[in-house]
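Here is how the chains run, residue by residue.
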Amino acid sequence: MNKYLSIIFLVLLSVIFITIQTTLLSPHNLGSYYPDLNLILIVFLAIFSEIRGGFFLALGNGYMMDVLSGNLPGTFAISRLSAYLLVRSGSNHVYLRKALVQGLVIFLATIFTWIFILTIIKIKKGDSADITAQSILIQGIVNALVGVPIFWMIHRINARFQK
């Protein structure tokens, strides 16, 4: 029963994070200084989640971002799923319980995801996007600074469901 509560909590948290990210914390409101709550949650799932549905939750989060952002279909779904798989496979080989390492993983996942998205946009559209290397680095730093406290919060709440 506790696994089901954990899954329900993570799905509900996904919906809340995506809603907040696409309304209050959107790039239109904050520019390059917005936290990517969806990516932070996907990295959390890759590192900490023991549920088998983490793969599908990451895919669903990417799909919801595609639907709500208006970008090319599949852009976020593929990039978020590949970031999940990359972090998940790497988390077996690296100790990821320290805050500094978690921040570094969030930073690198952000860089990877945005380079992936820019590559997809370049291949499909052929024109250059208005995303610069500086804005990607700022996004990575913001995600790392915001992501570590969010990791702590999610981990504490999710631990209550495991009792």
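Going by the structure above, here's the rest.
Residues numbered from 1 in each chain as written. Predicted model: local features only at pLDDT ≥ 70, side-chain atom pairs only at ≥ 80, totals over all residues. Heavy atoms only, no water.

Looking now at the packing of helix α4 (residues 54–69) against helix α5 (residues 75–90). The geometry of α4 relative to α5 is characterised by a closest axis approach of 7 Å and an angle of 150° between their N-to-C directions. Here α5 runs roughly antiparallel to α4, going by the angle between their axes. Crossing hand, α4 versus α5: right-handed. Packed against α4, whose contacting residues are G54, F55, A58, L59, G62, Y63, M65, D66 and S69, the element α5 presents T75, F76, A77, R80, L81, Y84 and L85 at the interface. For the contact of α4 with α5, the residue count by class is 10 nonpolar, four polar and two charged. (Axes fitted to C-alpha atoms, helices over the stretch in contact; angles between N-to-C directions. Helix = DSSP H or I, 4+ residues; strand = E, 2+ residues; numbered from the N terminus. Parallel < 35°, antiparallel > 145°, perpendicular 65-115°, else oblique. Left-handed = near helix turned anticlockwise from the far one by under 90°. Contact = heavy atoms within 4.5 Å. Nonpolar A, V, L, I, M, F, W, Y, C, P; charged D, E, K, R; others polar.)

This next bit is on helix α3 (residues 37–48). Compared with an ideal rise of 1.5 Å per residue, which puts 12 residues at 16 Å, α3 spans 16 Å between its outermost C-alpha atoms and is within 8% of the ideal. When you tally the buried positions in α3, you get 12 out of 12 residues, the bulk of the element. L37, N38, L39, I40, L41, I42, V43, F44, L45, A46, I47 and F48 are the residues of α3 that are buried. (Expected span 1.5 Å × (residues − 1). Buried < 20%, exposed > 50% of the residue type's maximum accessible area, 1.4 Å probe, protein only.)

The next subject is the nonpolar core. In this structure, L10, F17, V43, I47, V87, F151 and I154 are the most contacted members of the largest nonpolar core, which totals 27 residues. Contributing elements (two or more residues each) for this core: α1 (2–23), α3, α4, α5, α6 (99–125) and α7 (133–162). No other element matches α3, which puts 11 residues into this core. When residues no more than four places from it in sequence are discounted, the contact partners of V43 are V87, V105, I106, A109 and F151. Within the second largest apolar cluster, nine residues are counted, among which are I18, I111, W114 and I121. (Core = buried A, V, L, I, M, F, W, Y, C linked by side-chain atoms within 4.5 Å.)

With that settled, consider the packing of aromatic side chains. One pass over the structure, following the stated rule, counts six aromatic pairs. Ring centres of F76 and W114 lie 6.4 Å apart, and the angle between their planes is 85°; on these two criteria the pair is classed as edge-to-face. Of this pair, F76 sits in helix α5 while W114 sits in helix α6; the two residues are 38 residues apart in sequence, bridging distant segments of the chain. In this pair, the class of F76 matches that of W114, namely buried. (Phe/Tyr/Trp six-rings, centres within 6.5 Å; stacked < 30°, edge-to-face > 60°.)

All told, the structure shown has one salt bridge when counted by the stated rule. One salt bridge in this structure joins D36 and R80, with 2.8 Å as the shortest N-O distance. Of this pair, D36 sits in the loop between α2 (27–30) and α3 while R80 sits in helix α5, and the two are 44 residues apart along the sequence. R80 carries the same exposure label as D36, and that label is buried. (Salt bridge = Lys/Arg side-chain N within 4 Å of Asp/Glu carboxyl O.)

So, on to α4. Over its 16 residues, α4 runs 22 Å from end to end, which matches the ideal 22 Å to within 8%, given 1.5 Å per residue. Within α4, burial applies to G54, L57, A58, N61, G62, M65 and D66. Buried residues along α4 sit in contact with α1, α3 and α5. Phi turns positive one or two residues past the end of α4, at G70, with a value near 80°.

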